Every structure is written in structure tokens, then in C-alpha cells.
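Structural description and commentary
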Amino acid sequence: MTAVQGEWHKTACILCENNCGLLIQLEDRRFAKIRGDKEHVASAGYTCNKALRLDHYQNGGARLTAPLRREADGSFTEIDWDIAISEVAARLAAVRDQHGGDKIFYYGGGGQGNHLGGAYSTALRRALGARYRSSALAQEKTGEGWVDAHLTGSHTTGDFEHAEVSVFLGKNPWQSHGVPRARTVLQQIAKDPARSMIVLDPVRTETADLADIHLQLRPGTDAWCLTAILAVLVQDDLVDHAFLAEHTTGSEAVLHELSGIDVAAYAETAGVPEALVRAAAQRIGTAASVATYEDLGVQQSPNSTLISYLNKLLWLLTGNFAKPGGMHPHSWMAPLAGYSRDVKLTPVTGARILGGMVPCNSISEEILTDHPARFRAMIIESSNPAHSLADSAAFRQALDALELVVVIDVALTETARRADYVLPAASQFEKWEATFFNLEFPHNTFHLRAPVLDPLPGTLSEPEMYARLMRELGTVGSGKLAVLRAAAKLGRRPYKWAFAALLATDKSLAGVAPYVLYETLGPTLPDGARAAAVLWALAQRIAKVYPAAMHRAGHRDADALFDAILAGRSGVTFTVDDYADAWDYLPHPDKRIPVAITELLPALHGLADTQATHTSTEFPFVLAAGERRSFTANTIFRDDTWRRRDPEGALRLNPDDAVRLGLSTGDQARITTRRGSAIAAVEINDRMQPGHASLPNGLGLDLPTGDTTHRTGVAANELTDLTWRDAIAGTPWHKHVPARIEPLQQT
Ligand SMILES: Nc1nc2c(c(=O)[nH]1)N[C@H]1C(S)=C(S)[C@@H](COP(=O)(O)OP(=O)(O)OC[C@H]3O[C@@H](n4cnc5c(=O)[nH]c(N)nc54)[C@H](O)[C@@H]3O)O[C@H]1N2
Ligand SMILES: Nc1nc2c(c(=O)[nH]1)N[C@H]1C(S)=C(S)[C@@H](COP(=O)(O)OP(=O)(O)OC[C@H]3O[C@@H](n4cnc5c(=O)[nH]c(N)nc54)[C@H](O)[C@@H]3O)O[C@H]1N2
Ligand code: SF4
Ligand SMILES: [Mo]
């Protein structure tokens, strides 16, 4: 395919989970113009300020254009693809043969825009017998997923477009989105006198500015604040008893626990006026519909799994499930993780594996040991864990301790620099791509993006890399592939029969099915869309699991859905649910929600005696290490000039703290934690409360300048510590790091 100049190319933004549809006009390989795609099924023309800067992703950073191999002296040599594939396959096989395939750990598999490659990595993992994996989800969502597994069985989405009351807990959708077309939706709520927004956030965020009730609590005290709200619901009898009786089990234990809570004392612990807590409860308890969204402010803070439970009790006790404006389970194109109430443990430290993912804070502990079950090799794709995991120094040490590290990325990242092999990927605008962030209800959408440009010479797509590695490993016999290739030439129907027949005779093929599809169905797909082959199997799954919802979306059968996905350049609605369908998604045989989670009730009971403050005289500040701002986007841009504002990623401080410390905007301050120390430029900001400071996420990258590198802003995880983590999910307390802040000259 060659880039057509002057024409608008349809694609999507790759900077957050919303993946807004875009139109891009090219000038050579540059993105000359970018605008929202009005025909897009989910975003309908919406974009935020960040999408317009995507040329800094495509053309801004230093791209890799050849595989790299680390030599004995530590330097990298560029090698041919053939050599890279044969050496990487041989080294992976050697680790498998010597230590067992389960000692090969897989991290990543997609960022905010690119999950299609990850679908093929599953096949490589199965081919190698690699059982353990993780991703950024295990830094944020695994506690919530575990709670969901107990209650509704899977993830629920809030209907914020219609909710009478919208509640945001540690979530700033004005900057971070998550809610589709967030700024429009937030403004609509703010303008409508019949609807209300309640925000729990220690910072007066842009979202809080639009709220009717802002509970500006002390950082890390959401558990007390939410419990106080729930207690008012129970004590003032604002609970939906009919819903609880008809649709739940176990509510007595929960109501009993909440009936004894001292609301005034809990409000005081949270540092919010009792009257405001009561007003919030009253608003939630009397609304026709309530939707809630919890995110990093609570998921990366103390008591996070308990908080996820309390959040869900807010809408369960008030009967806001399966109705317009409420909370809904939804269909999945492909589930992002498989949560269950039965939990396996990691091989060395015995940490809980939730959603199939090793907790991120445990990974280096599982490696930096002489335990025989330790991991020996790691494959890392589309992720930069040496920068994004807590305690970067420990993770770097863990990478160095492994026998083999293979990194698949577009750039020589902080992680790639520690690899034995770096495999250069085509960018997200140079290949067929998609994400599985399809979390909508009742209309759920999926967008398969066609390439806007040819791959940069020397790069490959991830599906092609995984396929070449599996060919080299001889994963599937050529005879079987030949049968399926022949069937594919005859048409989809014969292919389906042949595929099913082969799977029935050789069960081992199921695990590597994505690879088999890529090799056999893939070449028959139009416009080089070989990587879309795995979607054929996913379409079969949709037809089987959600037949009625698929038909309502206008797709006759799985193949019709697959063809619609292949052809739909602005995305496709793949399911349309009815509100009542929500009950069908419940996995429990009695179709009731068991609201008492046995392990969490004691935690709720013990809150009165739980430590609410983690600061000390040595570390008196709570540092939120990784705030989403208008010019942050994880580590997707490797080019500082993309930022129009906040170029250095300032340390935000309350004016009183700044005066006390003798700091002014623009001054340099030293931040010290138990784990490390860094220097940042200060910004005095009255949105912050005293004792609370924030640093943006994604800064502090080591970017090339000639033969050396330079760093702008603070790499937040030089300051975080592995032991600050949730007791159940093991998720990090990135938003709650005890810290000391001093003017630079005094240290
Ligand atoms: N602009 C931008 N958008 C992004 C991203 C990005 O890098 N930049 N990244 C994307 C990703 S990967 C994610 S996961 C999402 C995350 O999206 P969010 O979770 O919304 O992002 P954060 O800014 O990390 O945290 C949200 C809020 O939590 C608040 N907070 C801090 N401590 C506490 C606390 O103790 N209690 C409560 N209640 N709140 C607290 C912060 O003040 C902040 O306003 O954003 C996505 N969108
Ligand atoms: N202290 C602190 N740490 C945090 C957070 C925080 O708030 N505070 N937030 C956490 C959260 S919520 C998240 S989601 C993580 C995010 O952290 P990571 O999971 O590490 O993800 P990204 O920073 O998005 O990195 C994406 C990587 O993909 C590469 N890439 C881009 N396009 C392609 C492609 O097409 N193919 C391949 N193979 N690679 C590509 C980029 O170069 C980059 O290296 O960070 C977490 N870490
Ligand atoms: S909301 Fe997210 S996906 Fe949409 S334009 Fe902004 S960063 Fe991109
Ligand atoms: Mo995230």
C-alpha cells in the first residue's frame, strides 16, 4: 500500500482507551492535518487536544529500523531479521528446555491503541508453555476485577449520558477521559439542573469544577468517606429494599455492618464536612439513576480493593443496576482479563494472580531470588515497564538478572535499553490495528484500523514477528497448515468446517489458534489485512455468546460480522444490548448478586482502627506520583516538543506549603522518598490542598540528543517503593507516596 497524499485517511487516536476516530491528511510521511471522524461509531467526531499532536508519535521520536542484539561488551549490534528470529527462537527454546516454559514471563501485549498484536502473543506463549504474564492492568484494575468477579461476574460500565447522578471516584475524566466524549458529557451534566455530579478527589480538578458536590477529602481516605456515605444510605433508609430482596443475596450482613458506623467520625477522618457527606448520600439515595466510575486516584491508593467494593455497594444498595442511567455488564470483543473468585498464586512469593496477571509490584521479587521457580526470561511488548512499574531501580536489576530479555517496541525505550534483543515494530499507523477496550453498553463498538502509511523500512508488525518465531519453533506441522490453506481458498464455510475438524482431532491447536488463523485464513483477507484473521474467531465467539445482541446490531451471522469489521473504516457496532440483558450476563446460577464479600466485610468492620495516615515527620507530604494532565500520555510520545503546556512536568504544590517552604513557581525543589530522590520545577497551584503534591505521569524519559540522552521532568517510579501496595490485589500506591519536599539549595 502506498500513502495517498492529500486524501483523508481514517484511523483512531492511540493515546487513551477511548480511541476516538480520526481523519489524517499526509504530507509525505508527516501528519499534516488531523481531525475527528464524524462517522466514527463511538466518538462521532470528538477528540481532545492531544490527538492533534500525533505526528510527534509517528515522526517525533527516534524510531528503531533494525533488530538489535546485545553483545558481550554491552553494546547493541544491528542484525538481520532472519538472524534475529532464529536466535530469539533458539534462546527461548533453550530456556524452555533447561528450566521449563513457565519460567518465560510475558509482559504487556498492548498499550492504549494496539492490542491486535497481543492476540497473537497468546499463541507464542502457549507454544512455549509460558504460563505467567502481566500488564499495566495489574497496576490498576485487578482489585476492581476481583470484586467484580464476586458481585456481577464481570466489568460494569456507567451510563453517564443518561445518569441522574454521576459519581467520579479518584477519576478526572476532563483530562483522562475513559468516559467517551468526556468533556462534552461532563459539560452537559453540569448544564442540566436535573442532573448532578459528585466528585471524590483531594484535588480541585477540572472535573470537580463542574461538580455539584466536591468531596475534597484527605488523600487516601476514600474508604472512610464512602463508608460514611453508605452508612447514611442505610441509617436514613435510602436503600432500595425491593431490589435487594429480588436481585441480591447476603445484604443483611452488609446493612448490619453499615448501620453501626459513626458517620461524623468517618467524615472527620476523611477531612470532609459531615453535612456534605449527608448531602451526597441523600442525592445518590433519591436519584432515579446513578452511575459511578472509579479510577487511579483510588485504585492506586491505600485500601483500594476495599474501596472498589464500597463503590459497587453505592449502586447496588440503591438498585442502580440494569436500567438506563445505571451500571451495566457488557459484551466483550475479547475480554481484557479473565477474573474469577478462585485465585492462583505466584510461584516464588505466593502473591495472588488476579485476572491471570502477576501483580506488577511482585514481578521483580519473583526474579531477584535464588528460588528454583524464579522466572528466567521475559518477553516485553508494547510496554515500558522499566519506567512504568514501581521502583524502577529494582525492575532494572531484575531485567539484568534474567538470562534473556526480548523487547518489542517502536523505540529504544528505558526498557529496550536493558534487553538482549530488541525487535522493531511498525508504528500503530503503519499496520492493521485495533484495541479491545470495547466496554460500552448498550451499543458496543469495535474499530479495526487500516494502515495510513507503509511500515518504516526494517520494521515488522507484531503478528508477523510472532508468526515468524512460531514458524522457526515449528509450532504447527506444515501438513495441517496446508489443509487449512486449501480450505480457505474454497471459501469461509469450508474453512470453518476444516478448522473445526482439525481442532477436534488435535486439541493442542486450540491454544495456538491465532497463529493458525494468521497462517491460513490471513493470506486470503483483502488489502493485506492478514493480522485481522484472529477477529474471525472472535466473531464466531460473539455469535455464540451474544447471538441476540449481535443480531440487533444488524449482523446476520459471525461471517457477516467479520466482513463488517473488515470493511468498517469508522468502526462497527457489534452488539446492541437490552437493559434486561444485564441479568443474563450474571454468572451466578440463581441470577442474584451476592453482595456480601466474605473477605472484605472484616476490612470494612476494622476501618475504625485502620491507619488513615501514612506520612511522618520525615516524609510529611502525600505525593501523587503520576497525575494525568492535558499534556501527558503515558510514555507513548518520545518527543518533548509535543507538550504545549507544562513543558517540564511541574511539581504542583498548595500555596501555603510553597510559602512555608520558601518556594515560588519555577523554583527547583528536591523530592525525597524512602526509595529515591528527584528534582522538579515547582508550580504553585491552589487546586492542591496543603500537604498534598502531584507530579505528572509519563515524564522523565531518557531521550536521545546526539550520542547522549537528556531527561525532562521526573521519572515518577524512581520514587515509588514495591512494598506500598494493596494487601489483596498487590496494586501500587502510586497516588499515595510519603515524601519530603525541600528547596534545592538547602540540600
Ligand atoms: N491526559 C491523559 N489522559 C490519560 C492518560 C494520560 O497519560 N494522559 N492515561 C490513561 C490511562 S493509562 C489511565 S489508567 C487513565 C487514568 O485516569 P485517572 O485515574 O483519571 O488519572 P489520574 O490523574 O492518575 O488520577 C485521577 C485523580 O485521582 C486523584 N487522586 C489522587 N489521590 C486520591 C485519593 O486519595 N482519593 C481520590 N478520590 N482521588 C485521588 C487525583 O487528584 C486525580 O485527579 O487515564 C488515561 N487517560
Ligand atoms: N508512578 C506511576 N506509575 C504508573 C502510573 C502512574 O500513574 N504513576 N500509571 C500506570 C498505568 S495506569 C499505566 S496504564 C502504565 C502505562 O505504562 P506502560 O504499560 O509501560 O505503557 P506506555 O507508557 O503506554 O508504553 C507504551 C510503549 O509502547 C510503545 N509503542 C508504541 N506504539 C507501539 C507499537 O505499535 N508497537 C509496539 N510494540 N510498541 C509500541 C511505546 O514506545 C512505549 O514504550 O503506567 C503505570 N505506571
Ligand atoms: S479522548 Fe483519548 S482517544 Fe480521544 S482524542 Fe483524546 S486522547 Fe485521543
Ligand atoms: Mo492505565
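Residues numbered from 1 in each chain as written. Chains lettered and ligands numbered in written order. Predicted model: local features only at pLDDT ≥ 70, side-chain atom pairs only at ≥ 80, totals over all residues. Heavy atoms only, no water.

**Focus on the site of ligand 1**
Surveying the vicinity of ligand 1 reveals 32 residues, the closest of which are Ser176, Asp201, Asp222, Thr632 and Lys735. For ligand 1, an oxygen atom lies 2.9 Å from a polar atom in the backbone of leucine 296. Contact with the protein chains hides 97% of the accessible area of ligand 1, taken as 910 Å² for the molecule alone. Secondary structure elements with two or more residues in the shell around ligand 1: helix 5 (173-176), helix 13 (296-299) and strand 23 (621-627). Tallying contributions element by element places helix 13 first for the shell around ligand 1, with 3 residues. Split by residue class, the shell around ligand 1 holds 9 nonpolar, 13 polar and 10 charged. (Near = heavy atom within 4 Å. Polar contact = N/O pair within 3.5 Å; in protein donor to acceptor, adjacent residues only side chain to side chain. Areas by Shrake-Rupley, 256 points an atom, 1.4 Å probe, with all protein chains shown as cover. Helix = DSSP H or I, 4+ residues; strand = E, 2+ residues; numbered from the N terminus. Nonpolar A, V, L, I, M, F, W, Y, C, P; charged D, E, K, R; others polar.)

**Observations regarding the packing of helix 18 (residues 462-473) against helix 21 (residues 513-520)**
Two quantities define a packed helix pair, namely the angle between the axes and the distance from one axis to the other. Between helix 18 and helix 21, the shortest axis-to-axis distance is 10 Å and the interhelical angle comes to 100 degrees. In terms of their interaxial angle, helix 18 and helix 21 are classed as roughly perpendicular. Side by side, helix 18 and helix 21 meet where Pro463, Glu464, Ala467, Met470 and Arg471 of the first sit next to Tyr515, Tyr518 and Glu519 of the second. Looking at the contact of helix 18 with helix 21 residue by residue, the class counts come to 5 nonpolar, no polar and 3 charged. (Axes fitted to C-alpha atoms, helices over the stretch in contact; angles between N-to-C directions. Parallel < 35°, antiparallel > 145°, perpendicular 65-115°, else oblique. Contact = heavy atoms within 4.5 Å.)

**Brief notes about the packing of aromatic side chains**
Applying the stated criterion across every chain yields a total of 18 aromatic pairs. Relative to phenylalanine 446, the ring of phenylalanine 436 has its centre 5.9 Å away and its plane inclined at 20 degrees; by these criteria the two rings are stacked. Placement of the pair is phenylalanine 436 in the loop between strand 19 (421-424) and strand 20 (443-446) and phenylalanine 446 in strand 20, with a sequence separation of 10 residues. A relative accessible area of 7% means that phenylalanine 436 is categorised as buried. Measuring from ring centre to ring centre gives 5.3 Å for tyrosine 495 and tryptophan 536, while their planes differ by 70 degrees; the resulting arrangement is edge-to-face. In this pair, tyrosine 495 sits in helix 20 (residues 492-505) while tryptophan 536 sits in helix 22 (residues 533-545), placing the two residues 41 residues apart along the sequence. Here the aromatic cluster, defined as three or more aromatic residues joined through ring pairs, consists of Phe243, Trp315, Phe321 and Trp583. Here arginine 35 stacks its cationic end above the ring of tryptophan 8, 4.0 Å away from the centre of that ring. Positioned above the aromatic ring of tyrosine 106 is the side chain of arginine 125, whose terminal nitrogen or guanidinium carbon lies 5.5 Å from the ring centre. (Phe/Tyr/Trp six-rings, centres within 6.5 Å; stacked < 30°, edge-to-face > 60°. Buried < 20%, exposed > 50% of the residue type's maximum accessible area, 1.4 Å probe, protein only. Lys NZ or Arg CZ within 6 Å of the ring centre and 35° of its normal.)

**Re the side chain of threonine 227**
Structurally, threonine 227 can be placed in helix 8 (residues 222-235). Once residues lying within four places of it in the same chain are set aside, the contact partners of threonine 227 are Leu258, Ile261, Tyr266, Leu310, Leu604 and Leu607.

**What to know about the sheet that holds strand 4 (residues 68-70)**
Strands sit in the order 5-4-19-18-17-6-7 across an open sheet of 7 strands; the sheet is mixed. The open sheet has two edge strands, strand 5 (76-78) and strand 7 (133-134), and neither has a second partner. Where strand 6 (residues 104-108) lies against strand 17 (residues 377-381), 5 bridges are found, and the strand directions are parallel. When the bridges of strand 17 are listed, isoleucine 104 appears paired with alanine 377. Running over the sheet, helix 3 (residues 116-128) touches strand 6, strand 7 and strand 17 and is turned about 165 degrees from strand 17. (Pairing = 2+ DSSP bridges.)

**A closer look at the packing of helix 19 (residues 478-490) against helix 21**
Axis separation between helix 19 and helix 21 bottoms out at 9 Å; the angle between their running directions is 55 degrees. Relative to helix 21, the element helix 19 is oriented oblique. Handedness of the crossing formed by helix 19 with helix 21: right-handed. Residues Leu481, Leu484, Arg485 and Ala488 of helix 19 lie in contact with helix 21, whose contacting residues are Tyr515, Val516, Glu519 and Thr520. Looking at the contact of helix 19 with helix 21, its residues break down into 5 nonpolar, 1 polar and 2 charged. (Left-handed = near helix turned anticlockwise from the far one by under 90°.)

**Some thoughts on the sheet that holds strand 13 (residues 290-294)**
One open sheet holds the 4 strands; their spatial order is 11-10-9-13, and the pairing between them is parallel. This sheet does not close on itself; its edge strands, each paired only once, are strand 11 (213-215) and strand 13. In this sheet, neighbouring strand axes are inclined to one another by 10 degrees on average, regardless of whether the strands run parallel or antiparallel. In this sheet, strand 11 lies alongside strand 10 (residues 196-200) in parallel orientation, the contact comprising 3 bridges. When the sheet's bridge partners are listed, valine 199 is paired in strand 11 with histidine 214.

**Brief notes about the environment of arginine 644**
Of note, arginine 644 is situated in the loop between strand 23 and strand 24 (651-653). Along the sequence, arginine 644 and threonine 157 sit 487 residues apart, while their C-alpha atoms lie 33 Å from each other. Contacts of arginine 644, omitting those with residues within four sequence positions, involve Arg53 and Phe631.

**Quick notes on the site of ligand 2**
The local shell around ligand 2 holds 32 residues, among which Ser388, Asp409, Glu462, Ala625 and Arg628 are the closest. Contact between ligand 2 and alanine 625: a nitrogen atom at 2.6 Å from a main-chain N or O atom of the residue. Alone, ligand 2 offers 920 Å² of accessible surface; in the complex the protein occludes 95% of this. Residue assignment for the shell around ligand 2 shows that the elements contributing at least two residues are helix 16 (385-388), strand 18 (404-409) and strand 23. Of the residues contributing to the shell around ligand 2, the split by class is 11 nonpolar, 15 polar and 6 charged. Per-domain counts for the shell around ligand 2 show at least three residues from each of domain 2 (68-131 + 376-435 + 443-576) and domain 4 (614-743). (Domains from an automatic or database assignment.)

**A look at the pairing of strand 3 (residues 30-36)**
Pairing geometry for strand 2 (residues 21-27) and strand 3, over 6 bridges, is antiparallel. The residue of strand 3 that forms the bridge with isoleucine 24 is isoleucine 34. In this antiparallel pair of consecutive strands, strand 2 and strand 3, the connection spans 2 residues, and aspartate 28 shows a positive phi of 50 degrees.

**A short note on the nonpolar core**
Ranked by internal contacts, the top residues of the largest apolar core, which has 101 residues, are Leu54, Phe436, Phe446, Leu448, Tyr495 and Leu535. In this structure, Trp146, Ala163, Ala208 and Val298 belong to the second largest nonpolar core, which totals 83 residues. (Core = buried A, V, L, I, M, F, W, Y, C linked by side-chain atoms within 4.5 Å.)

**Re the environment of asparagine 320**
As for its position among the elements, asparagine 320 is in the loop between helix 14 (304-317) and strand 14 (327-329). In this structure, the C-alpha to C-alpha distance between asparagine 320 and isoleucine 284, residues 36 residues apart in sequence, is 9.9 Å.

**Details of the domain arrangement of the protein**
Here the protein is partitioned into domain 1 (8-58), domain 2 (68-131 + 376-435 + 443-576), domain 3 (142-332 + 592-605) and domain 4 (614-743). Each of domain 1 and domain 2 was reduced to a C-alpha centroid, and the two centroids are 24 Å apart. Residue-level contacts link 22 residues of domain 1 with 22 residues of domain 2. Approximately 1800 Å² of surface area, both sides summed, lies buried where domain 1 meets domain 2, with 58% of it carried by carbon and sulfur atoms. Inspection of the region where domain 1 meets domain 2 yields 1 salt bridge. At the junction of domain 1 and domain 2, the tally comes to 12 residue pairs in polar contact (both at pLDDT 80 or more). If you tally residues by element for the side of domain 1 that touches domain 2, the top one is strand 1 (residues 8-12), at 4 residues. Classifying every residue of the side of domain 1 that touches domain 2 by side-chain character gives 11 nonpolar, 5 polar and 6 charged. (Buried area = accessible area lost by both parts, 1.4 Å probe. Salt bridge = Lys/Arg side-chain N within 4 Å of Asp/Glu carboxyl O.)

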